[in-house]
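An overview of the molecular structure
Here is what each chain is made of, one letter per residue.
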Amino acid sequence: ERLYEANIIHGLGLDGIHGDDIRYLVGKCKIKPQLYRGDVSQALDIVRRNHHMDKEEHIATIMKENGITFLASNVAGHILEKSFMAPNAYALLQNLGGVLYRAHHEMLSAQGDSAVISTTGHKGEGQYYSVPRIVLSYLVRHKICVLPHAYKAEHLADDAPEWVGGLANFLTERRVAEIGMALRSMLSENDLPEDHGLGMEGETEVASVFHNLLVQEVQIFRVDEKDVVLSSENGRVVKGGGSIVLIANTGDKFAAYGSDGQKQGTFTVVEKAGGASDFTIPAAI
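The following paragraphs examine the structure supplied in this document. As the structure is a computational prediction, the values presented were derived from the model and not from experiment.

**Quick look at the nonpolar core**
If you look at the biggest cluster of nonpolar residues, it comprises 50 residues, and the most contacted ones within it are L93, L139 and I179. If you look at the next biggest cluster of nonpolar residues, it comprises 15 residues, including V218, V238, I244 and A256.

Below, the structure is given as C-alpha cells:
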C-alpha cells in the first residue's frame, strides 16, 4: 500500500486466494485490490452466479460487491487439459468452431469485411475457429478479462484482442448457452451424452436451458398445446442439481416430470431466433 501511495506501483492484485480471505483482506486494507487472478473454473462460477443458479456467497459475489476485476489465467491450457476427460463436450466446441466461422464469415462478407476473421488457428487448420478462441470469446462476452498465456506467433495472432472481441460480439445467446454447457461438462469431467443435439448449423433456433433444483432427476419432454407428450419425443434427463440445454423453436412447449411421474412444471419458449430461454425447475412447487 505504501508503494501504491508513493506512485511506485499503479495497482494491487490478488492471486488464487479463497473467498473468505478476500473478504477479510478487503475489510482490513486501505487500498482495495483492483484485480483478482483465478482459473477458468472460477470464471465460469462467476458466469453461473450471474445467472442466479446459486445464491451462496463466493468469489463472484465478493468481486461484484467490491468492484474487483476478475482475470482468468491460462485459459487455453486449462481447457485443453480437460479435452480427454469429456471428449463429447470438446468435440462440440470443435464443431462450433466450424459452425461459427462459417456464420461469422457469411455476415462479415455481406458487410464487405471478411479480413477480420482470416485465421490459421492453433494448428494451421484454416477454415474454423480454434477451441481456445471460442472459450476466450465466451469469457469476454461475460465481461471477464482473459490471459491466454500464448507465446507462439500463431497463438498470439489467434488470441489477439480484436479477433476475440469480434467473435464475442457475434455470439448469439443460443451459442453462448451451447458453449457454456460444453465448458461446464469439461471442467466437471462429466461428459455430455453423444446425442446432446447441440452445435448444429443455422441461427434460427433457440437454446432452452433447464436448471433442476430438485434432489432427484427429472425428464424433460416436448409437449403439444394440451400438454400431451409428442409421440416422437423420448425425453431428456436432467440430474438433480444439474442443467441441460435443448435446442428448440420459438413457441415450443416442454413439460418436466419427476421419477414418480409427477409433473414438475411446463415451460414455453418465447425468445426469438438466436436467443436463450432460461427455465428453473424449483426445489418445491
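**Considerations on the packing of helix α6 (residues 87–110) against helix α9 (residues 161–170)**
Relative to each other, α6 and α9 sit at 90 degrees, their axes nearing to 11 Å. One element, α6, and the other, α9, form an angle in the roughly perpendicular class. The segment α6 lies against α9, with L100, A103, H104 and M107 engaging G166, L167 and F170. Its residues assigned to classes, the contact of α6 with α9 shows 5 nonpolar, 2 polar and no charged.

**A closer look at the pattern of salt bridges**
Overall, the coordinates contain 13 salt bridges when judged by the stated rule. Salt-bridge contacts for E65 lead to R23; the nearest nitrogen and oxygen are separated by 2.9 Å. With a gap of 42 residues between them, E65 in helix α4 (residues 59–66) and R23 in helix α2 (residues 19–28) connect regions that are remote in the sequence. Owing to a relative accessible area of 33%, R23 belongs among the partly exposed residues under this scheme. Between R174 and E205 there is a salt bridge, and its shortest N-O distance comes to 3.3 Å. Of the two residues, R174 sits in helix α10 (residues 173–188) while E205 sits in the loop between α10 and β5 (206–212), which places them 31 residues apart along the sequence. Accessibility expressed as a relative area gives 1% for R174, which makes it buried. Overlapping salt bridges, with partners in common, bring together R174, R175, E178, E203 and E205 in one network.

**A look at the sheet that holds β5**
Taking strand neighbours across the sheet as the criterion, the 3 strands line up as β8-β5-β11 in an open arrangement whose pairing is mixed. The open sheet has two edge strands, β8 (243–248) and β11 (276–281), and neither has a second partner. Going across the sheet, the axis of each strand differs from the next one's by a mean of 20 degrees, ignoring polarity. As defined by bridge partners, β5 adjoins β8 across 6 bridges and the pair is classed as antiparallel.

**Here we look at helix α7 (residues 131–141)**
Every α-helix carries 3.6 residues per turn, so stepping three or four residues along brings you back to the same face. In terms of burial, α7 is a largely internal element, 9 of the 11 residues being buried. Residues V131, P132, R133, I134, V135, L136, S137, Y138 and L139 constitute the buried set of α7. Taken from the residues just after α7, K143 is the one with a positive phi, measuring 60 degrees.

Quick notes on the rules
Residues numbered from 1 in each chain as written. Predicted model: local features only at pLDDT ≥ 70, side-chain atom pairs only at ≥ 80, totals over all residues. Heavy atoms only, no water. Core = buried A, V, L, I, M, F, W, Y, C linked by side-chain atoms within 4.5 Å. Buried < 20%, exposed > 50% of the residue type's maximum accessible area, 1.4 Å probe, protein only. Axes fitted to C-alpha atoms, helices over the stretch in contact; angles between N-to-C directions. Helix = DSSP H or I, 4+ residues; strand = E, 2+ residues; numbered from the N terminus. Parallel < 35°, antiparallel > 145°, perpendicular 65-115°, else oblique. Contact = heavy atoms within 4.5 Å. Nonpolar A, V, L, I, M, F, W, Y, C, P; charged D, E, K, R; others polar. Salt bridge = Lys/Arg side-chain N within 4 Å of Asp/Glu carboxyl O. Pairing = 2+ DSSP bridges.

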